[in-house]
Amino acid sequence: MENSSVLQRQHQFFSDFYLCYCGYSHCAPHHRFGPAARPNYLIHIILDGKGTFRTSSGLVQLRAGEGFFIRPDEQAFFEADGSDPWTYLWIGFHGARCAEYMQEIGFQPEQQTFSTPDGEALREIVQQMLQHNTAGIENDFILQGLLCQFFACLARSLSQPLSAANKDDRENFYVRRAVEFVHYNYANHITVADMAKYVSLNRSYLFTLFQRVLHVSPQEFLTTYRLTRAKEQLALTNTAVSAIAQSVGYRDPLVFSKAFKNLVGMTPIQYRRQQQDIHLDDVISPQAP
């Protein structure tokens, strides 16, 4: 038997990442689950006491400050200790991008157990979730926000595996995050300093990583990405050059035009005329029999 508080979601408003259920239990001695599988992801975090969890390599004993991670349709077995049974919280979740999100916050592909110093903060988030166990769009958004808070808190604990990973993994991680930052913010007048700040590195180290992984500097990558987006607009729209310059992160159209010519070999206006001529030729050229 166990003394539990439980929230069960009966419908899902979100699809990429959503809460299925959550709860908090003080288990009786030898209370067990499984062997059984669930159709969703499931995380348990131990707050007090101890117990055993069956991993792919055998039974391991876990205690307060540790947790275990179960993937969809994965057979699981766990049991509370006979003399010091655990108290734990759990959270079940699913969605189209869960696997991606779990890897991004620090779960390795085969990882089943982890440690966290933030059990109390995570317990408070789950207790807030339990207070919104009624249907309604307002609660849907509240629970989604709390779900994100839960994993933001957990991500702090799971950042250690990244630092312990091999050198190539670390370098690729920082470069990938910087590239994502550019993709989402290139129109906002960002600089290389902003890229470095976002990934918590100094500029010189970020420069080294970009050269090593992408063989270009961060500034070259940022400029090329912006001008590539500009080329698309020049070819496909009649938007004024000055407006295109602003839309790809250049405050000064003259600076934009100079950078464009340095990269492409012609001015933005010349490039647009070239693309229009190519399109016109495609339209009037006879089709091959």
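Located above this text is the structure these notes cover.
Summary of the structure given here. Computed from a prediction, not measured in an experiment: that's the story for all the values here. The numbering scheme is per chain: residues are counted from 1 as the chain's sequence reads. Where local features are concerned, this predicted model is filtered to residues with pLDDT of at least 70; where side-chain atom pairs are given and counted, the filter is 80 or more; whole-chain, interface and lining totals use all residues. Side-chain numbers come from the whole structure's heavy atoms, not from hydrogens or water.

### A closer look at the packing of aromatic side chains
Alright, step 1. Two rings from Phe, Tyr or Trp (for Trp, the six-membered ring) form a pair when their centres are within 6.5 Å of each other. A pair whose planes differ by under 30 degrees is stacked, one over 60 is edge-to-face, and the rest are tilted. A complete count under the given rule lists 25 aromatic pairs for this structure.
Alright, step 2. On the basis of an interplanar angle of 50° and a centroid distance of 4.9 Å, the ring pair of phenylalanine 68 and phenylalanine 78 is categorised as tilted. Within this pair, whereas phenylalanine 68 is found in strand 7 (residues 66-70), its partner phenylalanine 78 is found in strand 8 (residues 76-80), the two being separated by ten residues in sequence. For the pair phenylalanine 68 and phenylalanine 78, one class covers both residues: buried.
Alright, step 3. Ring pairing ties together the aromatic residues Phe17, Tyr41, Phe69, Phe93, Tyr101, Phe107, Phe114, Phe150 and Phe151, which thus form one cluster.
Alright, step 4. Charge-over-ring placement is defined geometrically: NZ (Lys) or CZ (Arg) within 6 Å of the ring centre, and within 35 degrees of the ring normal. Lying over the aromatic face of tyrosine 250, arginine 226 brings its terminal NZ or CZ to 5.8 Å of the ring centre.
Alright, step 5. Here the guanidinium or amino end of arginine 229 rests over the ring plane of tyrosine 225, the centre of that ring lying 4.7 Å away. Segments assigned H or I by DSSP are reported as helices when at least four residues long, segments assigned E as strands when at least two residues long, and all are numbered from the N terminus. Each residue is placed in one exposure class: buried if its accessible area under a 1.4 Å probe, protein chains only, is under 20% of its type's maximum, exposed if it is over 50%, and partly exposed if it falls in between.

### Observations regarding the sheet that holds strand 3 (residues 32-36)
Alright, step 1. Here we have four strands laid out as an open sheet, ordered 3-8-5-6, and antiparallel in their pairing. On the outer flanks of this sheet lie strand 3 and strand 6 (58-63), each paired with one strand and no other. Sheet twist, expressed as the average angle between the axes of neighbouring strands with direction ignored, equals 20°.
Alright, step 2. Two strands form a pair only when DSSP identifies at least two bridges running between them. Sheet topology note: the strand 3/strand 8 ladder contains three bridges and is antiparallel. Along strand 8, the bridge assignment pairs phenylalanine 33 with phenylalanine 78. Axis lines are fitted to C-alpha atoms, over the contacting stretch for helices. Their N-to-C directions set the angle, which ranges from 0 to 180 degrees.

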